[in-house]
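Single-letter residue listing:
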Protein chains: 2
Amino acid sequence: MSVLVVGTVAFDSIETPFASAERIMGGSAAYFAVTASSFAPVQVVGVIGEDFPAEYLELLSKRGIDLEGLKVEKGPSFYWRGRYHEDLNVRDTLELQLNVLSGFVPRLPDSYRDASYVFLGNIDPAMQMEVLDQLTHPRLVACDTMDYWIQESLGELKKVLKRVEILVINDSEAKLLSGDHNVVRAARSILKMGPKSLLIKRGEYGVLQFSDSSLFATPAYPLEEVFDPTGAGDSFAGGFMGYLARAGDHGDRSLRRAIVYGSVAASFTVEDFGLRRTATLTLGDIEERYQRFLQLTDFHS
Amino acid sequence: MSVLVVGTVAFDSIETPFASAERIMGGSAAYFAVTASSFAPVQVVGVIGEDFPAEYLELLSKRGIDLEGLKVEKGPSFYWRGRYHEDLNVRDTLELQLNVLSGFVPRLPDSYRDASYVFLGNIDPAMQMEVLDQLTHPRLVACDTMDYWIQESLGELKKVLKRVEILVINDSEAKLLSGDHNVVRAARSILKMGPKSLLIKRGEYGVLQFSDSSLFATPAYPLEEVFDPTGAGDSFAGGFMGYLARAGDHGDRSLRRAIVYGSVAASFTVEDFGLRRTATLTLGDIEERYQRFLQLTDFHS
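Residues numbered from 1 in each chain as written. Chains lettered and ligands numbered in written order. Predicted model: local features only at pLDDT ≥ 70, side-chain atom pairs only at ≥ 80, totals over all residues. Heavy atoms only, no water.

Each helix and strand in chain A was counted, giving 10 helices and 14 strands. Since a compact globule built from 301 residues should have a radius of gyration of about 19 Å, the 18 Å found for chain A is in line with a globular shape. Projected onto the principal axes, the alpha-carbon positions of chain A cover approximately 55 × 40 × 35 Å. A burial count over chain A gives 60% of its 301 residues as buried. Contacts in chain A between residues at least 24 apart in sequence constitute 64% of all its contacts with a sequence separation of at least 6. Within the structure as shown, chain A displays about 11600 Å² of accessible surface, and the carbon and sulfur contribution to it stands at 48%. (Helix = DSSP H or I, 4+ residues; strand = E, 2+ residues; numbered from the N terminus. Rg over C-alpha atoms; globule rule 2.2 N^0.38 Å. Buried < 20%, exposed > 50% of the residue type's maximum accessible area, 1.4 Å probe, protein only. Contact = heavy atoms within 4.5 Å. Areas by Shrake-Rupley, 256 points an atom, 1.4 Å probe, with all protein chains shown as cover.)

Following this line, the structure appears as structure tokens:
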């Protein structure tokens, strides 16, 4: 089965302690789609400006990603510039230009409306809601958000949360959304807002998954070289949803495996700049590292 | 088999956002010993002042802990006062008095010299070395240290590292000791200093274990209520070494299980103030939570 994602497709300019890159392809939907495409066909809903290079779009198309829902508008594309500290867990946003994204109203092509697996990437909750309203019979809807929307659009975000099955956020967002420092209590109070399942991303420390009936904890794949953490969370979500769509199932056992597949997929993304590594990633690469991950976490046998 | 520990037995005064306590029993050897005593007999090497209450010593004795190696000196006991922030991962040391610990030279009772499982708790590396020199045929020696010794006694510490099999430190200490921000590279360079195995404690995020041939990662047991993180690292080490001494084996499979048993044991310690919960802990309590931990980390089956 295929996965539909709504989110940003953008220019990123990135500085890390090791290197920098200007106006490479970024955005939540781009990272999600390229990673998910290792597992399943992907449909993208979003907007780019006329300045967006054909070669970037070709990279997406070559991965079999359906771009019918990616609108081209007059004006410049969404742009983000950020700088990472020596400690790569810390970054500053230096510049952010919404450009064509401001005022964007997502319209789903007819062929997207019956999508089964849907990911509402990090974007204005009002846009997430627009997409939700156009779906005819989604099987599984997951969503992401960020501190900005929690602070500026909490009302709209809470409406979205009532209609999604899975929320995927990081630990600082979980603390902000719940107002609680303790991650377990934070999760309990977020589950009351609507989602049946909550995934809390902790970067290099792994992922926690909470539902009313189960709790799952996994470390991240330890990496010797992290070049660029940009997009790790979206790659994680892409691997997670891609695995579920491929499996055609989201029972507890599949969810746990999907979380590990997502972590493993994201571990490749951060090993090179931007989408460079992810763009050539195969399911075989991911399977191989998944097997290593099984070994490195095993104390059960 | 029994476990020998050298470290501090002390007074702690602790403030957390929830409560505070004055002059309760603390110190690396105390937390280690009380936790390890759920698994195996424990022998303690250390020093206290004449002001140390009989009821604290009785608590240790009642757990079957051998105090023959705990010297009583004239003067006040080692004293630490600390305050935790709202975010319990951050704490300030407000007061530190070495008192009887300053100039202490550990002397092992004859009955301790043939100890098999030995833990050199967080204490001056010169004192750790004194203990090492008095052991006749240790089977497994592990040690801990802290930022202060890495900065002030690096030469002595490095001599100790050449003679121990396992080093147990936290992630900021690993970064300090190696000079590397990346935990995997930090581990590789610390292994070159001598220890065959390195355990990196990451607090609420779990533990990583590195050796030349293997890598193991585990999350921590997620807790809804953390009252007092004091002693969590020493409790972890106590559970870890206690399990190994009980198993009488430290192959890779036993090491992995010991790490999880240590994590589970430490999860009880932080649920109440000081040693309150740990003092009544049974192997049955630990086994029960170990089984839950197996479930909450399982994606292998």
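Next, the rest of the story.
Counting residues at the interface gives 37 residues for chain A, matched by 37 residues for chain B. Counting the surface lost from both chain A and chain B, the interface buries some 3300 Å², and carbon and sulfur atoms represent 57% of this. Applying the counting criterion to the chain A and chain B interface returns four salt bridges. Note that R185 of chain B and E225 of chain A form a salt bridge whose closest N and O atoms lie 3.2 Å from each other. Counting the contacts that link chain A with chain B gives 20 residue pairs in polar contact (both at pLDDT 80 or more). Elements that contribute at least two residues to the side of chain A that touches chain B include exactly α7 (183-191), β14 (215-218), α9 (252-269) and α10 (283-296) of chain A. Here the side of chain A that touches chain B takes five residues from α10 of chain A, the largest share from any one element. Here the side of chain A that touches chain B is built from residues that sort into 17 nonpolar, seven polar and 13 charged. (Buried area = accessible area lost by both parts, 1.4 Å probe. Salt bridge = Lys/Arg side-chain N within 4 Å of Asp/Glu carboxyl O. Polar contact = N/O pair within 3.5 Å; in protein donor to acceptor, adjacent residues only side chain to side chain. Nonpolar A, V, L, I, M, F, W, Y, C, P; charged D, E, K, R; others polar.)

Attention now goes to the packing of helix α8 (residues 232-247) of chain A against α9 of chain A. Residues and elements named next belong to chain A. Orientation of α8 relative to α9, taken along the N-to-C sense of each, is 140°, at an axis distance of 7 Å. The angle between α8 and α9 falls in the class oblique. Every pair of crossing elements has a handedness; the one defined by α8 and α9 is right-handed. Residues A232, S235, F236, G239, F240, Y243 and L244 of α8 touch α9, and the partners they reach there are S254, L255, R257, A258, I259, Y261, G262, S263, A265, A266 and T269. When its residues are assigned to classes, the contact of α8 with α9 shows 11 nonpolar, six polar and one charged. (Axes fitted to C-alpha atoms, helices over the stretch in contact; angles between N-to-C directions. Parallel < 35°, antiparallel > 145°, perpendicular 65-115°, else oblique. Left-handed = near helix turned anticlockwise from the far one by under 90°.)

The next thing to look at is the sheet that holds strand β2 (residues 10-15) of chain B. Residues and elements named next belong to chain B. Taking strand neighbours across the sheet as the criterion, the four strands line up as β3-β2-β7-β8 in an open arrangement whose pairing is mixed. Each edge of the sheet is formed by a strand with only one pairing partner; in this case those strands are β3 (20-26) and β8 (91-97). On average, each strand axis in the sheet is inclined to that of its neighbour by 20°, with strand direction left out of account. By the bridge criterion, six bridges tie strand β7 (residues 79-84) to β8 in an arrangement that is antiparallel. Following the sheet pairing, W80 is matched in β8 by L96. (Pairing = 2+ DSSP bridges.)

Bringing unusual backbone geometry into the picture now. All names here are of chain A. Phi is positive for R23, which is not a glycine, with a value near 50°. The topology assignment puts R23 in strand β3 (residues 20-26). Looking at R23, the relative accessible area reads 37%, which means it is partly exposed.

Residues and elements named next belong to chain A. Its volume calculated, the second largest pocket comes out at about 210 Å³. Elements with a minimum of two residues in the lining of the second largest pocket: β3 and α2 (54-62). Of the residues contributing to the lining of the second largest pocket, the split by class is eight nonpolar, one polar and two charged. (1 Å grid on protein atoms, 1.4 Å probe; cavity = no way out; pocket = protein on both sides within 12 Å on 5 of 7 lines; lining within 4 Å. Points joined across faces, edges and corners; volume = space filled by probe spheres on them.)

Our next topic: the side chain of T218 of chain A. Relative to the assigned elements, T218 of chain A resides in strand β14. Taking relative accessible area as the criterion, T218 of chain A reaches 2% and is therefore assigned buried. Discounting residues that sit within four places of it in the chain, T218 of chain A has contacts with Y205, G206, V207, I259, V260 and F293 of chain A together with P219 of chain B.

Turning to the relation of the copies chain A and chain B, a few remarks are in order. For the pair chain A and chain B, the relating rotation is 180°, the translation along its axis is 0.0 Å, and the fit reaches an RMSD of 0.0 Å. Look at the turn and shift together and you get a two-fold axis relating the two. (Least-squares fit on C-alpha atoms with pLDDT ≥ 70 in both.)

All names here are of chain A. The four strands are arranged β3-β2-β7-β8 in an open sheet whose pairing can be described as mixed. Only two strands of the sheet have a single neighbouring strand rather than two, namely β3 and β8 (91-97). Across the sheet, the axes of successive neighbouring strands diverge by a mean angle of 20°, strand direction being ignored. In this structure, strand β2 (residues 10-15) lies alongside strand β7 (residues 79-84), joined through five bridges in parallel fashion. Bridge pairing links E15 to R83 in β7. Docked against the sheet, α2 engages β2 and β3, running at close to 55° with respect to β3.

Function-wise, these values are silent; they only describe arrangement.
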